[in-house]
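Residue-level structural notes
Residue-level listing of the chains:
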Amino acid sequence: DPGADASLCGMAATGASGTNAVRYGTMRPNVLNLRVVLPDGRLLHTAGPRRQPRKRAAGYDLTSLFVGSEGTLGFLTQATLRLHPLPEATAATVACFPSVRAAVACTVQVLQAAVPVARIEFLDEVMADACGRFSGMELPAAATLLLELHGSRHSLAEQQQQTEEIVRQNGGSSLAWAEGLEEREQLWSMRHNAWYAALALRPGCQGYSTDVCVPISRLPDVVVETKQDLQASSITGPMVGHVGDGNFHCILIFNSQDPEEAQRVHAFTQRLGRRALAAGGTCTGEHGVGLGKRALLQEELGQEGLDTLRSIKAALDPHNLMNPGKVL
């Protein structure tokens, strides 16, 4: 369930995911084979032509090498993907909480209780208010979780009961479950419009989205510290994320013509990346390194890791034709 402007090979190239990733995985485990045009013009099938086994132990994992390569190793022109069956029954709901920490703590407990949640998305109070107003839905300006459960009709009732109990223990609102397709699509359409809702907070300003991913056990502390950092820095930065994976985003809205504000935004993104690294996480869970996180990548992998990446890049693209200057 990627964003509206995503392409399959683009998603593979950045190792991205979507709201269903907590149940069904990101692009990486769901790509079985890729057709890649290498920098010298040769055509590579990363798992061999017309191959699509669910697992393999034949040689290096070339498919995983190109997933997340951000266009630095070749053009991805075709992807063979794993399919998942549609569930018999689906139910979605919205839960509001007294604080950001309570909402994220609820997420951790839902996962620790092994509730097979399909989607669990976090909106801080700024993002919830913006999404509600932009989409014309009644949504309180409070820390919010959007949840969806998949399963058989019998198992779904048990999952709902478990989820309601954990939400209640964390001070969350009572839950009203939506099982009809139209109502659920309206809910997730609101979530997918988060980027446009954030931009509407400051018309005429630029948006910059950044993300990090941390171990689930560290997620509440990192989210709370990030929220405090945003407020102390006087930055408009609503938070949203696939918190079931420990992954969250800050959509930073700023005046690009104001050098001082632009510098504050840049400094915040570096602090956010280093906060995630200090918590045992990664500087990016799905947006990629690009230009802005090259220093953070070195801190994450160390010099040996970066040298290994450069060796691979030099072997496949000795003339540095593919996305030069990005990642490495």
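What you see is a predicted model; the values in this text were computed from it and never measured.

Turning our eyes to something else, we now look at the environment of valine 104. In this fold, valine 104 is placed in helix H5 (residues 100-112). Sequence separation between valine 104 and leucine 219 is 115 residues, and the spatial gap between their C-alpha atoms is 7.1 Å. Aside from chain neighbours lying at most four places away, what touches valine 104 is Phe122, Leu219, Pro220 and Val223.

We now examine the sheet that holds strand E7 (residues 206-213). With antiparallel pairing, 6 strands are arranged side by side in an open sheet as E4-E6-E5-E8-E9-E7. Every other strand in the sheet has two partners, leaving strand E4 (89-97) and E7 as the edge strands with one partner each. Neighbouring strand axes in the sheet, compared pairwise and without regard to direction, differ in orientation by 20° on average. In terms of strand pairing, strand E5 (residues 117-123) meets strand E8 (residues 239-241) through 2 bridges, oriented antiparallel. Paired with phenylalanine 122 across the bridge in E8 is glycine 241. In the packing of H5 onto the sheet, contacts are made with E4, E5 and strand E6 (143-151), and the angle to E5 comes to roughly 165°. Helix H11 (residues 259-278) contacts E7 and strand E9 (247-254) of the sheet and is inclined by roughly 170° relative to E9.

Here we take up helix H10 (residues 219-232). The first and last C-alpha atoms of H10 sit 20 Å apart over 14 residues, in line with the 20 Å expected at 1.5 Å per residue. Of all the positions in H10, only Leu219, Pro220, Val222, Val223, Val224, Thr226, Lys227, Asp229 and Leu230 are classed as buried. Just past H10, the residue serine 234 takes up positive phi, approximately 55°.

All right, on to the sheet that holds strand E1 (residues 31-37) then. One open sheet holds the 3 strands; their spatial order is E2-E1-E3, and the pairing between them is antiparallel. A strand with exactly one partner marks an edge of an open sheet, and here the two such strands are strand E2 (43-45) and strand E3 (75-81). In this sheet, adjacent strand axes meet at a mean angle of 15° when their direction is disregarded. As paired elements, E1 and E3 share 6 bridges and run antiparallel to each other. Note on E3: the bridge partner recorded for valine 31 is leucine 81.

Time to look at the side chain of asparagine 247. Mapped onto the elements, asparagine 247 comes out in strand E9. At 3.0 Å, the side chain of asparagine 247 forms a polar contact with the side chain of aspartate 211. If we ignore the near neighbours within four places in the chain, the residues touching asparagine 247 are Asp211, Val212, Cys213, Gly241, His242, Gly285 and Glu286.

Bringing a nonpolar patch on the surface into the picture now. Side chains of Phe134, Trp195 and Tyr196 sit close together on the surface and give an oily, nonpolar patch of about 310 Å² of accessible area. Within the secondary structure, tryptophan 195 is located in helix H9 (residues 194-199). Residue classification places tryptophan 195 among the partly exposed residues on the basis of a relative accessible area of 31%.

Criteria and cut-off values
Residues numbered from 1 in each chain as written. Predicted model: local features only at pLDDT ≥ 70, side-chain atom pairs only at ≥ 80, totals over all residues. Heavy atoms only, no water. Helix = DSSP H or I, 4+ residues; strand = E, 2+ residues; numbered from the N terminus. Contact = heavy atoms within 4.5 Å. Pairing = 2+ DSSP bridges. Axes fitted to C-alpha atoms, helices over the stretch in contact; angles between N-to-C directions. Expected span 1.5 Å × (residues − 1). Buried < 20%, exposed > 50% of the residue type's maximum accessible area, 1.4 Å probe, protein only. Polar contact = N/O pair within 3.5 Å; in protein donor to acceptor, adjacent residues only side chain to side chain. Patch = residues over 30% accessible without salt bridge, like charges linked within 9 Å, V, L, I, M, F, W, Y side chains within 5 Å. Areas by Shrake-Rupley, 256 points an atom, 1.4 Å probe, with all protein chains shown as cover. Salt bridge = Lys/Arg side-chain N within 4 Å of Asp/Glu carboxyl O.

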